[in-house]
Amino acid sequence: MRSGLRAGPWAWLISFLAFFLTFGAWAFAMPYDAPPDEVQHSIRAAGVASFDPGQIFARPRVVPDAFGKPGMGAYQRVPVGMNEHATCFGNHQKVSAACSPGIRGGPIGEVSTSAGRYNPLYYFIVGPPLRWFPNWGGLVAARLISSAVCAALLASAFVCLVRWSRFGLPAATLLTVTTPMLAHLAGGINPNSVEISAGIAFFAAGIPLLLDPPDFRKRGHITLMGISAVLLLSLRSAGPAWLAFGLFALLVPVRWAWLREWCSLTRTRWWIVGVSVAGLSSVAWIVGMKTGELVVPPPGTYNLRVGEAIALYTDNWWEYVIGMIGVAGWFDTFLWTPFYLVWIAVVGGLVAFGAIFTDWVTRWRYAVFFAGGVVLPGYLQVSQANLVGFITLGRYMMPLLAGLPLLAAWMLEREHRGRPELFDARRTRSLTRAYVLLLVPIHLALLVFAMVRWQRGLSPNAGLGRFNPFVGDWHPPTGSVLPLVLMVAGLVWTGWVFLQVPHDERLPGQDEPGSGESAHVPYYRADRDGPPILRQGGVNPDRVGSSLPEADGTSPSR
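The structure presented is a predicted model; accordingly, all values stated were derived computationally and were not measured.

Novice: Even after reading the chapter, I still don't get the overall build of the protein chain, so can you show me in this structure?
Specialist: Scanning the protein chain for helices and strands turns up 21 helices and 3 strands. The 558 residues of the protein chain split such that 57% are buried. Entry remark: accessible area of the protein chain is about 21800 Å², with carbon and sulfur atoms responsible for 66%.

Novice: Where do I start with the nonpolar core in this structure?
Specialist: A general feature of soluble globular proteins is that nonpolar side chains tend to end up buried together. If you look at the biggest cluster of nonpolar residues, it comprises 149 residues, and the most contacted ones within it are Trp-26 and Ile-200. It is helix α5 (residues 136-164) that provides the largest number of residues to this core, a total of 15 residues. Excluding residues that lie within four positions of it along the chain, Ile-200 makes contacts with Leu-154, Ala-157, Leu-174, Val-177, Leu-182, Ala-402 and Leu-406.

Novice: Got a minute to help me understand helix α10 (residues 239-251) in this structure?
Specialist: Between its terminal C-alpha atoms α10 stretches 18 Å, which fits the 18 Å expected from 13 residues at 1.5 Å a residue. Turning to α10, its buried residues are Gly-239, Trp-242, Leu-243, Gly-246, Ala-249 and Leu-250. End-on view of α10: buried residues confined to an arc of 135 degrees, all on one side of the axis. For α10, the secondary structure elements touched by its buried residues are α8 (191-210), α9 (219-235), α12 (266-288), α16 (360-383) and α18 (394-401).

Novice: What exactly am I supposed to notice about unusual backbone geometry here?
Specialist: Negative phi characterises most residues that are not glycine, and trans characterises most peptide bonds. A cis amide bond links Val-252 to the next residue, Pro-253, at an omega of 5 degrees. With a phi close to 60 degrees, Asp-37 is a non-glycine residue in the positive phi region. Counting through the fold element by element, Asp-37 comes out in the loop between α1 (9-29) and α2 (38-48). In this structure Asp-37 comes out as partly exposed when scored by relative accessible area, which is 36%. A positive phi angle, near 55 degrees, is found at Lys-290, a position not held by glycine. Residue position: Lys-290 is located in the loop between α12 and α13 (306-315).

Novice: Looking at this structure, I do not really get the environment of Phe-245. What am I missing?
Specialist: Mapping Phe-245 onto the fold places it in helix α10. Expressed as a C-alpha distance, the spacing of Phe-245 and Ala-371, which sit 126 residues apart in the sequence, is 8.2 Å. Beyond its immediate chain neighbours, meaning those up to four positions away, Phe-245 contacts Val-368, Ala-371, Gly-372, Leu-376 and Leu-400.

Novice: Just to check I follow, could you spell out the packing of aromatic side chains for this structure?
Specialist: Both the distance between ring centres and the angle between the ring planes are used here to describe each pair of aromatic rings. With the rule as written, the count across this model stands at 27 aromatic pairs. Relative to Trp-262, the ring of Phe-216 lies with its centre 5.7 Å away and its plane at 45 degrees, an arrangement referred to as tilted. Taken together, the residues span a long stretch of sequence, with Phe-216 in the loop between α8 and α9 and Trp-262 in helix α11 (residues 256-263) at a distance of 46 residues. The residues Phe-216 and Trp-262 share a single accessibility class, namely buried. Between Tyr-313 and Tyr-320, the ring centres sit 5.4 Å apart and the planes meet at 45 degrees, which makes this aromatic pair tilted. On the basis of relative accessible area, Tyr-313 is assigned to the buried category, the value being 7%. By relative accessible area, which is 3% here, Tyr-320 ends up buried. Clustering of aromatic rings is evident, with ring pairs tying together Phe-19, Phe-23, Phe-158 and Phe-498. Positioned above the aromatic ring of Trp-164, the side-chain terminus of Lys-218 is 4.8 Å from the ring centre.

Novice: What's the story with the environment of Phe-331 in this structure? I'm lost.
Specialist: Relative to the helices and strands, Phe-331 resides in the loop between α14 (317-325) and α15 (337-357). In this structure, the C-alpha to C-alpha distance between Phe-331 and Gly-90, residues 241 residues apart in sequence, is 8.8 Å. Those residues within four positions of Phe-331 in sequence are excluded, and the remaining contacts are Glu-319, Ile-322, Gly-323 and Leu-393.

Novice: Can you help me understand the pattern of salt bridges in this one?
Specialist: Between side chains of opposite charge, a pair can form as their charged atoms come close. Applying the stated rule across the entire model yields 10 salt bridges. Here Glu-38 makes a salt bridge to Arg-143, at a shortest N to O gap of 2.8 Å. With Glu-38 in helix α2 and Arg-143 in helix α5, this pair connects stretches of sequence that are 105 residues apart. Since its relative accessible area comes to 0%, Glu-38 is described here as buried. Residue classification places Arg-143 among the buried residues on the basis of a relative accessible area of 0%. Each of Asp-212, Glu-413 and Arg-414 takes part in salt bridges that share partners, so that together they form one network.

Cut-offs used in this document
Residues numbered from 1 in each chain as written. Predicted model: local features only at pLDDT ≥ 70, side-chain atom pairs only at ≥ 80, totals over all residues. Heavy atoms only, no water. Helix = DSSP H or I, 4+ residues; strand = E, 2+ residues; numbered from the N terminus. Buried < 20%, exposed > 50% of the residue type's maximum accessible area, 1.4 Å probe, protein only. Areas by Shrake-Rupley, 256 points an atom, 1.4 Å probe, with all protein chains shown as cover. Core = buried A, V, L, I, M, F, W, Y, C linked by side-chain atoms within 4.5 Å. Contact = heavy atoms within 4.5 Å. Expected span 1.5 Å × (residues − 1). Arc of directions from axis to C-beta. Phe/Tyr/Trp six-rings, centres within 6.5 Å; stacked < 30°, edge-to-face > 60°. Lys NZ or Arg CZ within 6 Å of the ring centre and 35° of its normal. Salt bridge = Lys/Arg side-chain N within 4 Å of Asp/Glu carboxyl O.

Written out as structure tokens, the structure is:
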């Protein structure tokens, strides 16, 4: 019997509450359009929520962005008061949000948005409150819906990892990929937040499902992978690439016997059909709505040679990394450097250990992640640098790169070719406590930095006396106390939840009490000549006390 938190509906509910409180704090703290591109996405959401086909399939047009520069987008018929860009304080760190009137209603009119060609799936979910109540209340309601979707995906990921990780290291590692940047995005209106959460859920379900022998108690992982895959394919035009690289990393080298067993399930076949339909629909949308079309800038706007663009892309990696960890607003509110270094040390150390102490198959998977999450965005950025400038941000890469720490954690608690696992129960318990102690408070730090910046302005060299989130000439209409209370409550709850992750080894074939799933695992040979492939709970019956098999198919050492 495993001590600590057990997987099941209760674990899902309490982890959902922890994530939702943390994300929801941002929903009450931010001025309108303080999160990245919120006006653009809010206008699109309100247009889609009219359920008018002419708004859902809005004709692609050249539209002005927040600064009046031309770009591709569309027009939506929404309350004109929604078109209040935060240009008076966005990118002006010392200026508070008091200069902006915020979201308002007004008469319905044609309003431009650079998000007008985006797939409508996300906007169907968050759009109705903005359409019906284009004010602070409707904005917060829409933000909370977005927060709830992200929290539900992460809670599902948490349950998968708690139940099937050997010593709990992958479940604890979920803290490292649930960054303050994700929380900031989840508290606003931006499909990138759900895209990142879907990427995390995809790998949390797919790693236990595809890197261990089939166990039909993991049927729920198929559903979570399917939902996450559909979201990745649909939300943004880069999603199909993230899904392709993610699947390639997990499936190659191919284990045909394992795949045949999973495909014998009706659930798997239906999800293959569903994901295929979503993929075709996504391609049709990208082509039909011209989501990849760019407006050619005036001659001389950008004049970079290929070598110069490559050098800039390479040299910008500090910006990309901290953009994954947490930079609030219009990439204008930074934490102090030690906060970033702590997060980098934690994640970088885990990934480095995975590269050093596992096997060549794991290193191959690392290479696939690197190609998809670093090389591909670099190629696209360099090839289009003279059309769009440098627009790549670290958060765009997170749906794929978030799988890297989860893969490292999964492999580090396994044995490899006779060598004992690097992280056993004792070490994993210590590491989990370190994660909670080091990473959880950084969420509160970013919220305080952002609230001070929006409420009174924040100089890069501001002293400690400046960081008072209760003063300033702008405050959220619901007050500055509420988001801080929600954040503290959410972080305390999050810390408690992750400290309850069980670290004693899951026994072979053991099912969690109350899970309601029987261990339906066939024992017949997967091929006529070879040994049995499928074993109860992924255990080799020929070796007493054997651990979970190696991900590359080799036998464990004991």
